[in-house]
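Next come the chains, spelled out residue by residue.
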Amino acid sequence: MATEKTRAVGIDIGGTGIKGGIVDLENGQLLSDRVKVSTPAGAEPDDVLVAVRSVLETLGASDSDYALGVAFPAIVKNGRTLSAANVSDKWIDFPAEEFFEQGLGRDIHFANDADVAGVAEMRFGAAKDVSGLTILTTLGTGIGSAMIYDGVLIPNSELGHLQRAKHGKDAEAYAAYSAMERDKLEWDEWAARLQWYYSHVEFLFSPDLFIVGGGVSKHADKFLHLLKLRTPIVPAVHRNNAGIIGAAALSLGASPELDGTVTGA
Ligand code: BGC
């Protein structure tokens with residue numbers, strides 16, 4: 001049975017939605033329903049805090065009975081957010097961890113959203129026991145990335161911001177799931193953009209495994225088979241819940257993957 005030591009809350013803040021759940025850390029399964037609210041327009045810190053509070057209330061996890069992990073779509077270094085691609089610029093060089101700790105009145109563990117999804121898949125999913133280089137990408141509002149080498153996460157890889165030489169734009173503006181929606185693409189048209197993206201990443205890093213996360217990973221059968229790569233490419237086992245699960249998994253203090261000091265699960 002899940003106990004205080006083995007269950008925690010994960011909150012995954014995205015450019016479009018803020019999701020949360022209570023997670024059993026022994027097996028990475030959700031013990032609650034997944035709660036989701038829209039990310040407030042402009043994604044300013046104060047408004048995001050209010051939205052996170054409402055997710056915790058709905059989960060019945062507002063008090064500090066549970067350890068809490070929060071994932072955010074930006075570079076996160078020593079508790080500070082250093083970038084802001086799909087959120088307010090106020091997050092740039094912002095003491096986000098401290099802000100949430102004060103605003104929620106409890107300790108949290110704070111990290112990049114794709115990195116925590118990578119941790120979830122490493123502990124409980126498609127990257128478990130995989131050796132060599134795994135690159136997990138989340139295809140959502142932006143493209144997030146987690147690079148894991150022999151069980152150690154290399155944080156803040158930001159591969160959604162590779163530049164497209166021809167157009168001088170971020171890869172995510174062209175190939176994220178939001179680009180498919182924005183440009184009203186069919187699956188095969190979007191897959192052609194993903195082909196460019198994954199071929200480029202494959203050329204740069206020669207990974208051993210690609211994992212595709214984000215909400216659209218539940219439709220992996222519609223587009224993954226269209227990609228021609230040397231590297232195996234599979235959907236995240238935990239689909240769009242990987243962020244919640246990974247945030248929760250990192251909440252109990254020790255975060256060996258992010259410190260890079262311990263290998264394995
Ligand atoms: C951000 C990343 C984030 C990704 C997915 C990108 O725009 O720069 O930090 O992981 O979106 O949310």
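For the structure itself, look to the data block above.
All figures in this text were calculated on a predicted structure; none of them were measured in a lab.

### A word on the site of the ligand
Working step 1: In the region of the ligand, 13 residues are neighbours, and N112, D113, E158, H161 and E172 sit closest.
Working step 2: The contact in question runs from an oxygen atom of the ligand to an N or O atom on the side chain of N112, over 3.0 Å.
Working step 3: Between the ligand and the protein, one listed contact pairs an oxygen atom with a side-chain N or O atom of H161 at 2.7 Å.
Working step 4: Protein burial of the ligand: of its 310 Å² of free accessible surface, 95% is covered by the chains.
Working step 5: The cavity that encloses the ligand is the largest pocket.
Working step 6: Mapped by element, the contributors of at least two residues to the shell around the ligand are α3 (113-124) and β10 (143-149).
Working step 7: Residues that form the shell around the ligand fall into these classes: 5 nonpolar, 5 polar and 3 charged.
Working step 8: Each of two domains, domain 1 (7-116 + 242-258) and domain 2 (129-237), supplies a minimum of three residues to the shell around the ligand.

### Remarks on the packing of aromatic side chains
Working step 1: Inspection of the entire model under this criterion finds 16 aromatic pairs.
Working step 2: Ring centres 4.8 Å apart and planes at 55 degrees place the aromatic pair W190 and F223 in the tilted group. Separated by 33 residues along the polypeptide, W190 in helix α6 (residues 187-205) and F223 in helix α7 (residues 220-223) bring together distant segments of the chain.
Working step 3: A relative accessible area of 0% places F223 in the buried class.
Working step 4: Three or more aromatic residues joined by ring pairs make a cluster, and in this case those are F72, W91, F94, F99, F100 and F110.
Working step 5: Geometry around Y174 places R164 over its ring, the cationic atom sitting 3.3 Å from the centre.
Working step 6: A cation over a ring is seen here: R164 above W196, with NZ or CZ 5.4 Å from the ring centre.

About the criteria used
Residues numbered from 1 in each chain as written. Predicted model: local features only at pLDDT ≥ 70, side-chain atom pairs only at ≥ 80, totals over all residues. Heavy atoms only, no water. Near = heavy atom within 4 Å. Polar contact = N/O pair within 3.5 Å; in protein donor to acceptor, adjacent residues only side chain to side chain. Areas by Shrake-Rupley, 256 points an atom, 1.4 Å probe, with all protein chains shown as cover. 1 Å grid on protein atoms, 1.4 Å probe; cavity = no way out; pocket = protein on both sides within 12 Å on 5 of 7 lines; lining within 4 Å. Sits in = over half its atoms within 2 Å of the grid points. Helix = DSSP H or I, 4+ residues; strand = E, 2+ residues; numbered from the N terminus. Nonpolar A, V, L, I, M, F, W, Y, C, P; charged D, E, K, R; others polar. Domains from an automatic or database assignment. Phe/Tyr/Trp six-rings, centres within 6.5 Å; stacked < 30°, edge-to-face > 60°. Buried < 20%, exposed > 50% of the residue type's maximum accessible area, 1.4 Å probe, protein only. Lys NZ or Arg CZ within 6 Å of the ring centre and 35° of its normal.

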